[in-house]
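# Summary of the model geometry
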Amino acid sequence: MTGSIAGALIGGKILPYIILQEYKILYPNIENLMFPYNLEHSFVASLASLVCILSATLIACTKSLMEVPASLMRPVAPKQTKKLLLERIPTLWNKIQFNWKNALRNFIRYKKRLVMTLFGICGSTALLLVGFGLKDSVDTILYAQYGKICLYNEVLTIDATASEKDKAELQDLLSKDSRFKSYLYTYQMSLDAESDNSKEILSPFIFVPEDLNSFEEHVRLANRITGEKLTLKEGEVIVSEKMASVLGVKEGDILHISSNQKDKKDVKIGGIAENYVYHYVYMTPDTYESLYKKAPEYNSITLRNNDGVTIDADEFGKEFLQYDAVGGVQSISVLIDKFSDILDSMDMITLVLIVCAGALTFVVLYNLNNINISERRRELATLKVLGFYDIELSQYIYRENILITIIGVALGLLGGVLLNSYVINTVEVDLVMFGRQIFFPSFVESVLIAVGFTAIVNIIVHFKLKKIDMATSLKSVE
């Protein structure tokens, strides 16, 4: 109960704060977030902890109370080992060193402790991988959305009230500006979208490029899984991946688009494109015109800088807002800076998960090693009498821990991949899709940290083994 109260007080403030920092990806202006304690949640969490602990205690007590008092007063007899499957293959068994043969036999002899240790190492490794995987997933949004998909650097919004003369003046200016590699007139408007496969109604941006050749220089559409390049075709649209997932549609299905649920239009989906921020429906000008019986009125211009050219966002805004045809400006560099700040907050989440994983590893391994030493004190004391040095006695235990660590880490990496996928799909909001891959360095770091925590426990175990007194341990308790 004491631990539950402390956990509720700490967890009710720290973890919600860290998690909600991620939602600032969409709502960067939210400040002064409050995290009031929820008594109902705290009670349920405490009750779950209490039930688990009392259940384990009840099982242990029941087993002991079934014994007669005389048996309980005698030391527990060492468990007998069974012949291993590997021993039935003499060719392999004979190649194993004698010390490792003993470790393998002891490894199997204490099955319950084996399972508990594997669970602890597996759980800590999985938590570590989730922490690094979350960071990788958010990193993907930054480098993929604004470096791989959206290739343009600035966006100009055209003032709806501007005259044709003002628009022509702006176009002439852009065509002569040596800083820009190319520019693309686009029509972008938020509409409603739904499908027959879902009750959800989304509000994606309709994206209609004026020039399809220039479009490929500004937006790169491809299937995330296959890597296949997607091109806009007449009579079809390409939708973003998260939108397709929410609406439950695939290539070849029909999408219903409308304005405020009025004048619905049906269009065939020609492809599912990789995309991480917001929802998009891409279509050709002819497709738009066939749907709405009018040509699109281009209301924005995307600009792609020449290679090596960097434009200051503030100066860019001051420069172009003075033109009557420009109603607004947006620099992708500003968005990247905002995302970079958010990515920095991911370091705190990773740190919290590392601390939790480390605590899990340390507590489980430390307690299980203590039990191991207590149950095998006479065996270990006998080895000392037979001439084992302290380091040799420690290695006798370390070999078992090394085997358990290798298996636990391997299972933890597999479990971490599955857990990370579940967490990503759970914490995602509708307008953002996190990355789905975990980078190789994250696997390496997770393994190194898990092994590091195990090594710390082994060092502590070494000093406890040194304190075993041969004479006292071998005295009969009777």
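The notes below deal with the structure included here.

Cut-offs and rules
Residues numbered from 1 in each chain as written. Predicted model: local features only at pLDDT ≥ 70, side-chain atom pairs only at ≥ 80, totals over all residues. Heavy atoms only, no water. Helix = DSSP H or I, 4+ residues; strand = E, 2+ residues; numbered from the N terminus. Rg over C-alpha atoms; globule rule 2.2 N^0.38 Å. Contact = heavy atoms within 4.5 Å. Lys, Arg positive; Asp, Glu negative; His and termini not counted. Charge placed at Lys NZ, Arg CZ, Asp CG, Glu CD. Pairing = 2+ DSSP bridges. Buried < 20%, exposed > 50% of the residue type's maximum accessible area, 1.4 Å probe, protein only. Arc of directions from axis to C-beta. Polar contact = N/O pair within 3.5 Å; in protein donor to acceptor, adjacent residues only side chain to side chain. Patch = residues over 30% accessible without salt bridge, like charges linked within 9 Å, V, L, I, M, F, W, Y side chains within 5 Å. Areas by Shrake-Rupley, 256 points an atom, 1.4 Å probe, with all protein chains shown as cover. Salt bridge = Lys/Arg side-chain N within 4 Å of Asp/Glu carboxyl O. Phe/Tyr/Trp six-rings, centres within 6.5 Å; stacked < 30°, edge-to-face > 60°. Axes fitted to C-alpha atoms, helices over the stretch in contact; angles between N-to-C directions. Parallel < 35°, antiparallel > 145°, perpendicular 65-115°, else oblique. Left-handed = near helix turned anticlockwise from the far one by under 90°. Nonpolar A, V, L, I, M, F, W, Y, C, P; charged D, E, K, R; others polar. Core = buried A, V, L, I, M, F, W, Y, C linked by side-chain atoms within 4.5 Å.

### Topic: the overall build of the chain
Tallying secondary structure elements over the chain gives 17 helices and ten strands in all. Computed over C-alpha atoms, the radius of gyration of the chain comes to 32 Å, more than 25% over the 23 Å expected from 2.2 N^0.38 for 478 residues, which places it beyond the range of a compact globule. When the backbone C-alpha atoms are referred to their principal axes, the chain occupies close to 105 × 50 × 45 Å. Within the chain, contacts between residues separated by at least 24 positions form 78% of all contacts whose residues are at least 6 apart in sequence. If you average the places of the 48 positive and of the 54 negative side-chain charges in the chain, the two averages end up 18 Å apart.

### Observations regarding the pairing of strand β2 (residues 180-190)
Summarising the sheet, β2 and strand β9 (residues 300-305) pair through six bridges and their orientation is antiparallel. Paired with T186 across the bridge in β9 is S300. One ladder, built from five bridges, connects β2 with strand β4 (residues 205-209); its direction is antiparallel. If you follow T186 over to β4, its bridge partner there is P209.

### Side note on helix α12 (residues 313-320)
All of the buried residues in α12 are A313, F316, G317 and F320. All buried residues of α12 lie within an arc of 100 degrees about the axis, which places them on one face of the element. Across from the buried face of α12, at angles greater than 90 degrees, the exposed residues are D314 and K318. For α12, the N-terminal cap is D312; the gap from its side-chain oxygen to the backbone nitrogen of D314 is 3.1 Å.

### Points about a nonpolar patch on the surface
The grouping of I5, L9, I10, I14, L15 and Y37 at the surface amounts to a nonpolar patch, some 580 Å² of accessible area in total. It is helix α1 (residues 2-11) that contributes the most residues to the nonpolar patch, three residues altogether. Tracing the backbone through its elements, the reader meets L9 in helix α1. Overall, L9 belongs to the partly exposed group, its relative accessible area being 48%.

### Examining unusual backbone geometry
The backbone phi angle of Y278 is positive, close to 70 degrees, even though this residue is not glycine. Mapping Y278 onto the fold places it in the loop between β7 (262-273) and β8 (280-282). The partly exposed category is assigned to Y278, whose relative accessible area is 35%. Phi is positive for K293, close to 60 degrees, though the residue is something other than glycine.

### Some thoughts on the packing of aromatic side chains
On inspection of all chains with the given rule, the structure shows 15 aromatic pairs. A ring pair is formed by F205 and Y280, whose centres lie 5.9 Å apart and whose planes are at 35 degrees; its orientation type is tilted. Here F205 is found in strand β4, whereas its partner Y280 is found in strand β8, with 75 residues between them in sequence. For F205, a relative accessible area of 30% corresponds to the partly exposed category.

### Some words on the packing of helix α14 (residues 377-385) against helix α15 (residues 390-427)
Direction vectors running N to C along α14 and α15 enclose 140 degrees, while the axes themselves pass 10 Å from each other. Taken together, the axes of α14 and α15 are oblique relative to one another. Both α14 and α15 take part in a crossing whose hand is right-handed. Across from E379, L380, L383 and K384 in α14, the residues of α15 making contact are D390, L393, Y396 and I397. Broken down by class, the residue content of the contact of α14 with α15 amounts to five nonpolar, no polar and three charged.

### Some words on the nonpolar core
F215, L221 and Y282 are the most contacted members of the largest nonpolar core, which has 35 residues in total. Taken together, the elements giving at least two residues each to this core come down to α7 (111-149), β8, α13 (332-375) and α15. Sort the elements by how many residues they give to this core and α7 lands first, with eight residues. With residues near it in sequence (within four places) discarded, Y282 still touches F207, F215, V219, L221, L232, E236, V237, I238 and N275. In terms of nonpolar packing, the next biggest core, distinct from the first, is built from 31 residues, F107, L365, I373 and I468 among them.

### Some thoughts on the pattern of salt bridges
The final tally for this structure, using the stated rule, is 13 salt bridges. Between K135 and D139 there is a salt bridge, and its shortest N-O distance comes to 3.8 Å. On the criterion of helical spacing, the pair formed by K135 and D139 is a turn pair, its members being four residues apart in helix α7. Residue E216 is joined to K229 by a salt bridge in which the shortest nitrogen-to-oxygen separation is 3.3 Å. Residue E216 is found in helix α9 (residues 212-218), and its partner K229 is found in the loop between α9 and β5 (236-240); the two are separated by 13 residues along the sequence. Owing to a relative accessible area of 40%, E216 belongs among the partly exposed residues under this scheme. Here the residues in one salt-bridge network are D177, R179 and E319, joined through shared partners.

### A short note on the sheet that holds strand β1 (residues 154-158)
Hydrogen bonds between backbone groups are what pair the strands of a sheet, and the pairing can be parallel or antiparallel. What the ten strands build is an open sheet, ordered β3-β6-β7-β5-β8-β4-β2-β9-β1-β10; its pairing is mixed. Strands with a single pairing partner mark the edges of an open sheet, and in this sheet they are β3 (192-194) and β10 (326-331). Here the strands of the sheet are splayed against their neighbours by 35 degrees on average, with no regard to which way each runs. Taken together, the five bridges between strand β6 (residues 254-259) and β7 define a ladder with antiparallel strand orientation. Opposite I257, over in β7, you have K265 as the bridge partner. Where helix α8 (residues 164-176) meets the sheet, it contacts β1, β2, β9 and β10, and its direction lies at approximately 140 degrees from that of β2. Most of the contacts of α12 go to β10, to which it runs at about 170 degrees, and overall it touches β1, β2, β9 and β10.

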